[in-house]
Amino acid sequence: MAGRLLSGMQQAESAVPVSYHGIERGGGVSEGDFMKKYRCIPCGFIYDPAEGDPDGGIAAGVPFEDLPDGWVCPRCGVGKSDFEPAD
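Chains are numbered independently. Their residues run from 1 in the order of the written sequence. In keeping with the model being predicted, local features are shown solely for residues with a pLDDT of at least 70 and side-chain atom pairs are shown and tallied solely at 80 or more, while totals for entire chains, interfaces and linings include all residues. Only hydrogens and water are removed before side-chain values are computed, so all heavy atoms of the structure are retained for them.

Enquirer: So what's going on with the sheet that holds strand 3 (residues 83–85)? Residues and values would help.
Expert: Taken together, the 3 strands give an open sheet; going across it, the order is 2-1-3, and neighbouring strands pair in antiparallel fashion. The sheet terminates laterally at strand 2 (46–47) and strand 3, the two strands that pair on one side only. The pairing of strand 1 (residues 38–40) with strand 3 spans 3 bridges and is antiparallel. Bridged to cysteine 40 within strand 3 is phenylalanine 83. A pair of strands is labelled paired if DSSP reports no fewer than 2 bridges between them. A run of DSSP states H or I qualifies as a helix once it reaches four residues; a run of E qualifies as a strand once it reaches two. Both are numbered from the N-terminal end.

Enquirer: I'd like a description of the nonpolar core, backed by residues and values.
Expert: Residues enter a nonpolar core if they are buried and are Ala, Val, Leu, Ile, Met, Phe, Trp, Tyr or Cys, with the set joined through side-chain atoms within 4.5 Å. Partly exposed describes any residue whose relative accessible area lies between the buried limit of under 20% and the exposed limit of over 50%, with all areas from a 1.4 Å probe on protein chains only and scaled to the type maximum. Tyr38, Cys40, Phe45, Tyr47, Ile58, Phe64, Leu67, Trp71, Cys73, Val78 and Phe83 form the largest nonpolar core, which has 11 residues in total. By definition, residues are in contact when any of their heavy atoms lie within 4.5 Å. Dropping the residues within four chain positions of it, cysteine 40 is found in contact with Phe45, Cys73, Cys76, Val78, Asp82 and Phe83.

Enquirer: Kindly report on the environment of glycine 56, identifying the contributing residues and their values.
Expert: Tracing the sequence through the fold places glycine 56 in the loop between strand 2 and strand 3. For glycine 56 and proline 74, which are 18 residues apart along the polypeptide, the C-alpha to C-alpha distance reads 7.4 Å.

Enquirer: How would you sum up the state of the cysteines? Please name residues and give values.
Expert: Whenever a pair of cysteine sulfur atoms sits within 2.5 Å, that pair is classed as a disulfide. Taken as a whole and judged by the stated rule, the model has 0 disulfides. Left unpaired, cysteine 73 is separated from the closest cysteine sulfur, that of cysteine 43, by 3.6 Å. Taking the relative accessible area as the measure of exposure, cysteine 73 reaches 2% and is therefore buried.

Enquirer: Quick one: what's the story with the packing of aromatic side chains, residue by residue and with numbers?
Expert: Stacked, tilted and edge-to-face are the three classes assigned to paired rings of Phe, Tyr and Trp, where Trp is represented by its six-membered ring and a pair needs centres within 6.5 Å; plane angles under 30 degrees give stacked, over 60 edge-to-face, the rest tilted. In the structure shown here, the tally under the stated rule is 6 aromatic pairs. Taking the centre distance of 4.2 Å and the plane angle of 15° together, the rings of tyrosine 38 and phenylalanine 64 count as stacked. Placement of tyrosine 38 in strand 1 and of phenylalanine 64 in the loop between strand 2 and strand 3 is noted, with a sequence separation of 26 residues between them. Overall, the relative accessible area of 10% leaves tyrosine 38 in the buried class. Each member of the aromatic cluster is reached from another via a ring pair, and the members are Tyr38, Tyr47, Phe64, Trp71 and Phe83. A ring is scored as having a charge over it whenever the NZ atom of a lysine or the CZ atom of an arginine sits within 6 Å of its centre and within 35 degrees of its normal. Over the face of the ring belonging to phenylalanine 64 we find lysine 80, whose NZ or CZ atom lies 5.6 Å from the ring centre.

Okay, structure coming up:
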């Protein structure tokens, strides 16, 4: 594998922060918290970490809390502060 270049998506998928591994080892974050969905208050869009936001460059598996500060709702364009946990 040495010398092989990975695409941006492959790099994003392989770059799992260490804190996520605690879930598998019984760390302080439950799987339910890790995969929590969030709803856009203005338009109702649901951000699902299991799906990510491929059109926005967010790989599957990225929790809402770890989305970049500049990420916006793909449907209406509001920021993360206009989202709430979905039931």
